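Architecture and fold: a report
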Amino acid sequence: MSATLFANARILDGRVDGGIEGHVLVEDGRIKEVSDKPISATAARQVDLAGRTLMPGLIDAHVHVISTTVNFGLNALLPDAVIAFRSSRIMNAMLMRGFTTIRDLGGATQGLRMAWEEGGFDGPRMVLCGKAISSTGGHSDGRGRFDGRDMSYLESRLGCLGRIADGVDAVRRACREEIKAGADYIKIMANGGVASPTDPIAFLGYSMDEMCAAVEEAAMAQTYVAAHLYTDEAISRAVDAGVRSLEHCNLIEEATARKAAKAGAIACPTLVTYEALKNEGASFGLGAESVAKIDTVRLAGLASLEKMQRAGLTMAYGSDLLAEMHRHQSDEFVIRGRVLPAMEVIRSTTVHAAKLLRMEGQIGTVEPGAFGDLVVVEGDPLKDLSLLTGQGRHLSAIMQGGRFIKDALAA
């Protein structure tokens, strides 16, 4: 693999407010050297960035790459081959927006990751939970009120976001099976959701014993639990159970945010999905029962960011988009920028997300030893976060593992 030397860059990875000026050498797929002085590398391709912004590859810590329709039940019935090809296109588009790493929160399998590792398609590297684990009628249950089919048929399909487990023993078994199948962490549905048909937002999906069982199983496998959550009550219960990754958190109160921060939890808000669902969900087939639930969480989103920021709760970047709405993935930057400092928004997709994924020093940073995952931004995202939107049009280069995925740089 050839070497690349980025000279005269403005390096922005969230570790230093405002970034630093420097030079970066990428060799053999990783960052070999970072210096504030010129680097000698005669064998490397040399690119003078002339003050343009060099960032780590972006990280989206909450995606569903197998979501090709907004209807969970219909998506699960599509042939696996169709889902796989659609998912590869979804992931390729994510990569072209600059997201070189993603964390899938339910549905993607080890098989999809193997296909990426074997070079079957260009997409972000994946951190997976396998199938999300839900109680009957919870957020992974796409069956309507009058659908009495056994979920076991759907759970085996690539297009199914989750699986059902009721009771402590069933939760333990589900966790063990997902870990056996290659899951990097466990995802549970601990609250009602928008896109599922039979669970009100305030629905508490799991008992304390069931959540504690999931946390214990994850801990025995040296990993953690992420939980789908909206209400303050659900978040507080999850923190008490030892859940580390708090997804969404739209209805959190500041006291609970402080409690979560003290416990070492990390939040992953996903505001863009509610904007997209409000504007486009019905036109793409989202059921009326789901449309009616959107504003309950959408309208509280920006206030939740301010509460978590004041409480000192670390926040990672997430989008959580479905189907045709994946194209709005980068708009989360601008939405968060309405109430948060741009530097904090940058940290959410770099150092904070890397910490959540337990990949500090590997991704989300521009330092020796990290993967050669880098993006070149034409301009300063700290002054204009919209430079990270527009389907990557402001990114003149995207590099993953030392290989250029996009290269519009002058020689």
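Residues numbered from 1 in each chain as written. Predicted model: local features only at pLDDT ≥ 70, side-chain atom pairs only at ≥ 80, totals over all residues. Heavy atoms only, no water.

Under the counting rule described, the total for this entry stands at 27 salt bridges. The salt bridge partner of D17 is R347, with a shortest N-O separation of 2.3 Å. Placement of the pair is D17 in the loop between β1 (4-11) and β2 (20-27) and R347 in helix α14 (residues 342-348), with a sequence separation of 330 residues. The exposure class assigned to D17 is exposed, which follows from its relative accessible area of 58%. Close ionic contact of R163 with E177 constitutes a salt bridge, the shortest N to O distance being 2.5 Å. A residue pair is termed long-range when its members are at least 10 positions apart, and R163 in strand β10 (residues 162-164) and E177 in helix α5 (residues 168-180) qualify at 14 residues. The partly exposed category is assigned to E177, whose relative accessible area is 31%. Counted as one network, the salt bridges with shared partners bring together R163, R173, E177 and E178. (Salt bridge = Lys/Arg side-chain N within 4 Å of Asp/Glu carboxyl O. Helix = DSSP H or I, 4+ residues; strand = E, 2+ residues; numbered from the N terminus. Buried < 20%, exposed > 50% of the residue type's maximum accessible area, 1.4 Å probe, protein only.)

What follows concerns the packing of helix α8 (residues 254-262) against helix α12 (residues 301-311). One can describe the packing of α8 onto α12 by two numbers: an axis separation of 8 Å at closest approach and a directional angle of 50°. Classified by the angle between their axes, α8 and α12 sit oblique to one another. In this structure, α8 crosses over α12, and the sense of that crossing is right-handed. Facing E254, A257, R258 and A261 of α8, the residues of α12 in contact are K307, M308, R310 and A311. Taken together, the residues of the contact of α8 with α12 sort by class into four nonpolar, no polar and four charged. (Axes fitted to C-alpha atoms, helices over the stretch in contact; angles between N-to-C directions. Parallel < 35°, antiparallel > 145°, perpendicular 65-115°, else oblique. Left-handed = near helix turned anticlockwise from the far one by under 90°. Contact = heavy atoms within 4.5 Å. Nonpolar A, V, L, I, M, F, W, Y, C, P; charged D, E, K, R; others polar.)

Time to look at the pairing of β2. In the sheet, β1 pairs with β2 via six bridges, with the strands oriented antiparallel. Opposite A9, over in β2, you have G22 as the bridge partner. Relative to strand β3 (residues 30-35), β2 runs antiparallel, the two being bridged by five bridges. The residue of β3 that forms the bridge with E27 is R30. In this structure, the hairpin formed by β2 and β3 is closed by a connection of two residues, where D28 is found at a positive phi of approximately 55°. (Pairing = 2+ DSSP bridges.)

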